[in-house]
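Here is how the chains run, residue by residue.
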Amino acid sequence: MSVHKKQDVKKITTHQLQEMKNRGEKIAMLTAYDYSMAKIIDGAGMDIILVGDSASNVMAGNETTLPITLDQMIYHASSVVKAVQRALVVVDLPFGSYQGSSGEALRSAIRIMKESGAHAVKLEGGSEIIDSVERILKAGIPVMGHLGLTPQSIYKFGTYSVRAKEEAEANKLKNDALQLQEAGCFGLVLEKIPAILGKEVKEKLYIPVIGIGAGPDVDGQVLVMQDMLGITQEFKPRFLRRYADVFSVATQAVTQYIADVKAKDFPNKDEMY
Ligand code: KIV
């Protein structure tokens, strides 16, 4: 096993992500919300770790991403940052922390950067939040955009179904993507849109475009860690590939532990002082 000292590891920067797009190397991005999982994900060689507001669902058990607070996002982000040596750590600005005004957005972004040590923030939306994006960028904070299915607007959409299937919404999305790029975003997430639109946006933009349910012809992919590891059971959209069945493995281990305790098999003579 190779153990890196902090200074041995070449950190991923927004410039390197841009170079990856330029040379056609796909970018791998995954969520993390705590120290232990972030250590595994970073050690495996992930390019971007997203401290997503999906923590609201998978960590706190909420139905939507809306309830999670800025303080809670900072708590998750600072746990992740402590584990990471290589990946770029991007943190979601949670619902209600940036929609009020560009001043509020800047204050929230500064709190995330100062209190967690993360490297960048992500905001959902296009033209409606462009003032906030510009203000945060002017402060020297890298910003990632997020278009398509934007879960913080779930009550406006009404469903989690595929976005931008109609021409008008697809045109707005393309326009928003260009505005975010022009404002200076270093990258863009596209969630749950037709693959053909994902390809079009990736080809139109020079900045990296990362997809989740946006097809293969984008610059990289992002998934929620609990979903791809098979920890969440009930969530199975078409775009999700499960790489493990951690729910079953963990259930088996916990069941065995209970049985061993009840049977007075644990601890044995080698497991005591
Ligand atoms: O919060 C999140 O996990 C996200 C990803 C789905 C892109 O925004």
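Residues numbered from 1 in each chain as written. Predicted model: local features only at pLDDT ≥ 70, side-chain atom pairs only at ≥ 80, totals over all residues. Heavy atoms only, no water.

1. Brief notes about the environment of I27
Relative to the assigned elements, I27 resides in strand β1 (residues 27-31). Not counting residues within four places of it along the chain, the set of residues in contact with I27 comprises L17, M20, D47, I48, P208, I210, D219, G220 and Q221. (Helix = DSSP H or I, 4+ residues; strand = E, 2+ residues; numbered from the N terminus. Contact = heavy atoms within 4.5 Å.)

2. A look at the domain arrangement of the protein
According to the domain assignment, the protein consists of domain 1 (6-242) and domain 2 (245-273). Here domain 1 and domain 2 have C-alpha centroids that lie 38 Å from each other. (Domains from an automatic or database assignment.)

3. Observations concerning the site of the ligand
Every residue lining the ligand is accounted for by T31, L50, G52, D53, S54, D92, K122, H146, V189, E191, I212 and V224. At a separation of 3.0 Å, an oxygen atom of the ligand approaches a polar side-chain atom of D53. Within the contact set of the ligand, an oxygen atom lies 3.1 Å away from a side-chain nitrogen or oxygen of D92. Here the ligand, which alone exposes 260 Å², has 95% of that area covered by the protein. The cavity that encloses the ligand is the largest pocket. Per-class residue counts for the shell around the ligand are four nonpolar, four polar and four charged. (Near = heavy atom within 4 Å. Polar contact = N/O pair within 3.5 Å; in protein donor to acceptor, adjacent residues only side chain to side chain. Areas by Shrake-Rupley, 256 points an atom, 1.4 Å probe, with all protein chains shown as cover. 1 Å grid on protein atoms, 1.4 Å probe; cavity = no way out; pocket = protein on both sides within 12 Å on 5 of 7 lines; lining within 4 Å. Sits in = over half its atoms within 2 Å of the grid points. Nonpolar A, V, L, I, M, F, W, Y, C, P; charged D, E, K, R; others polar.)

4. What about the layout of surface pockets?
Empty space left among the atoms is revealed by rolling a probe the size of a water molecule over them. The space that makes up the largest pocket amounts to roughly 680 Å³. Along the wall of the largest pocket there are 32 residues; nearest its centre are S54, N57, V224, D227 and F235. Mapped by element, the contributors of at least two residues to the lining of the largest pocket are α3 (55-58), β6 (187-191) and β8 (220-223). Tallied by class, residues from the lining of the largest pocket come to 13 nonpolar, 10 polar and nine charged. The calculated volume of the second largest pocket comes to roughly 420 Å³. Lining the second largest pocket are 18 residues, with G125, E128, T150, K156 and F157 positioned closest to its centre. Elements that contribute at least two residues to the lining of the second largest pocket include exactly β5 (143-148), α7 (154-157) and α8 (167-183). Top element by residues in the lining of the second largest pocket is α8. It accounts for four residues. Considering only residue class, the lining of the second largest pocket consists of five nonpolar, seven polar and six charged. (Points joined across faces, edges and corners; volume = space filled by probe spheres on them.)

5. Here we look at unusual backbone geometry
Geometrically, the link from F266 to P267 is a cis peptide bond, its omega value of -5° lying close to zero. Positioned with a positive phi, A164 is a non-glycine residue whose angle comes to about 60°. When you line up the elements, A164 lands in the loop between α7 and α8. Non-glycine residue K264 carries a positive phi angle of around 60°. Inspection of the secondary structure assignment puts K264 in the segment after α11 (246-262). Given the relative accessible area of 76%, K264 is considered exposed. (Buried < 20%, exposed > 50% of the residue type's maximum accessible area, 1.4 Å probe, protein only.)

6. Considering the side chain of D53
With respect to the helices and strands, D53 occurs in the loop between β2 (48-51) and α3. The side chain of D53 sits in the buried core without any salt bridge; K122 is the nearest counter-charge, 5.5 Å away. In this structure D53 touches T65, I68, M73, D92, E124 and Q152, once residues within four positions along its chain are discounted. (Lys, Arg positive; Asp, Glu negative; His and termini not counted. Salt bridge = Lys/Arg side-chain N within 4 Å of Asp/Glu carboxyl O.)

7. Quick look at the pattern of salt bridges
Oppositely charged side chains can pair when the atoms bearing their charge come close. Scanning the entire structure with this criterion turns up 14 salt bridges. In this structure, R23 engages E25 in a salt bridge whose closest nitrogen and oxygen atoms are separated by 2.8 Å. Residue R23 is classed as exposed on the basis of its relative accessible area, which comes to 54%. The exposure class assigned to E25 is partly exposed, which follows from its relative accessible area of 35%. Within this structure, K21, K202 and D219 form a network of salt bridges that share partners.

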